[in-house]
Amino acid sequence: MIYELLIRLQELNPAVGEYLLNNQTDVGTLVRTISGSIAIPNDILLRQFNDPASISQHETLNLLDGFKPGT
């Protein structure tokens with residue numbers, strides 16, 4: 001589920017980079033890539049698992065806004 005969402009993000013911004021690892025937080029998952037990190041809320045991950053089409057382009061772009069290069 002994380003991989004599929006990361007692929008969607010990479011399609012919009014290849015600078016996100018490839019998956020390295022993830023850590024669970026109280027509100028979601030912090031995904032680390034070779035070029036940075038991005039926080040993904042639990043509700044987005046749950047929808048990616050159950051109904052990926054329900055995640056709008058707007059929500060995906062909001063996730064990208066939270067991408068932190070080099071962290």
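Position numbers for residues count from 1 along each chain, tracking the sequence in the order it is written. Residue-level local features of this predicted model are given only where pLDDT is at least 70; pairs of side-chain atoms are given and counted only at 80 or more, and the full residue set underlies all totals for whole chains, interfaces and linings. Side-chain numbers here rest on the full set of heavy atoms in the structure, without hydrogens or water.

## Re the pairing of strand E2 (residues 28-33)
Rules: What makes two strands pair is DSSP finding at least two bridges between them. Secondary structure follows DSSP: runs of H or I at least 4 residues long count as helices, runs of E at least 2 residues long count as strands, and numbering of each begins at the N terminus.
As defined by bridge partners, strand E1 (residues 19-24) adjoins E2 across five bridges and the pair is classed as antiparallel. Counterpart to Asn 22 in the pairing with E2 is Val 31. Here six bridges tie E2 to strand E3 (residues 36-41), and the two strands are oriented antiparallel to one another. Within E3, the position partnered with Thr 29 by the bridge is Ile 40. Following E2, the chain reverses through two residues before pairing antiparallel with E3.

## Focus on the nonpolar core
Selection rule: By nonpolar core we mean a set of buried residues, namely Ala, Val, Leu, Ile, Met, Phe, Trp, Tyr and Cys, connected to one another through side-chain atoms within 4.5 Å. Relative accessibility decides the category of a residue: with a 1.4 Å probe and only protein chains considered, values under 20% of the type maximum give buried, values over 50% give exposed, and everything between is partly exposed. Note on contacts: a residue pair qualifies if any of its non-hydrogen atoms lie within 4.5 Å across the two residues.
The biggest cluster of nonpolar side chains holds 14 residues, and the ones touching the most others in it are Leu 5, Leu 9, Ile 38, Ile 40, Ile 44 and Leu 63. Looking at this core, the elements with two or more residues in it are helix H1 (2-12), E3, helix H2 (42-50) and helix H3 (57-65). Among the elements that take part in this core, H1 stands out by supplying four residues, more than any other. Those residues in contact with Ile 40 that lie beyond four places of it in its chain are Leu 5, Val 27, Gly 28, Thr 29, Val 31, Leu 45 and Leu 63.

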